[in-house]
Amino acid sequence: TWREAQEFCRWLSAREGRLYRLPTEAEWEYACKAGTTNRLYWGDDFWNRNLANTKGWKSVEESWADDGHKFTAPVGCYPANPWGLFDMVGNVREWVQDWHGPFPAEPQVDPQGPHLPDRYRVMKGSGWMTPSRHLSCSNRDGNNPADLHDPNGFRILCEIEEASPPPRP
């Protein structure tokens, strides 16, 4: 659940003496795109199931991928994005810090999500059962923070202190 992910971050922060947290939606998407501008960090060929654990829905248009994993796959089974991050698309949807709500009309720099809490938290990415045609680094959904479901997961980041600029000569 989103709440358990928060508790894990608090526990790890206390244990390590560093701040661990869920990324914001903007941070997550930036990391997923890894400097690219396409729909997915590997390009726009969302149908290529050799690049992410997405099996799609069993239907006329899509069949279950035979990757040897019935549900989620161990990290590293699919190629990393250009920044070395695995499973940014596919495998599990990931909780982020933000409340779910509409985006503001005006452009934002490092947006933090709506300031008035909704009842849902944002989930980014896509899970192992997401239809391939829905894959995108921008994919987002809102979900109850108490939801415990197998295609849900989380990724954390560790805040680092900014280095002081070198002294001027």
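Residues numbered from 1 in each chain as written. Predicted model: local features only at pLDDT ≥ 70, side-chain atom pairs only at ≥ 80, totals over all residues. Heavy atoms only, no water.

Quick question: what am I supposed to make of the nonpolar core here?
In a soluble, globular protein the nonpolar side chains are often hidden away together inside. Core analysis: the biggest nonpolar cluster contains 12 residues, these being Trp28, Ala31, Cys32, Leu40, Tyr41, Ala52, Met88, Val89, Val96, Val122, Leu135 and Cys137. Counting residues per element, this core draws most heavily on helix 2 (residues 25–33), at 3 residues. Not counting residues within four places of it along the chain, the set of residues in contact with Ala31 comprises Asn81, Trp83, Leu85 and Met88. Judged by nonpolar contacts, the second largest core, of 5 residues, contains Trp2, Ala5, Leu22 and Trp95. (Core = buried A, V, L, I, M, F, W, Y, C linked by side-chain atoms within 4.5 Å. Buried < 20%, exposed > 50% of the residue type's maximum accessible area, 1.4 Å probe, protein only. Helix = DSSP H or I, 4+ residues; strand = E, 2+ residues; numbered from the N terminus. Contact = heavy atoms within 4.5 Å.)

Before we go on, may I ask you to explain the side chain of Ser136 in this structure?
Among the structural elements, Ser136 can be located in the loop between strand 3 (121–125) and strand 4 (140–143). There is a polar contact of 3.0 Å between the side chain of Ser136 and the backbone nitrogen of Ser138. Sequence-distant contacts of Ser136, defined by excluding residues within four places in its chain, comprise Arg39 and Leu40. (Polar contact = N/O pair within 3.5 Å; in protein donor to acceptor, adjacent residues only side chain to side chain.)

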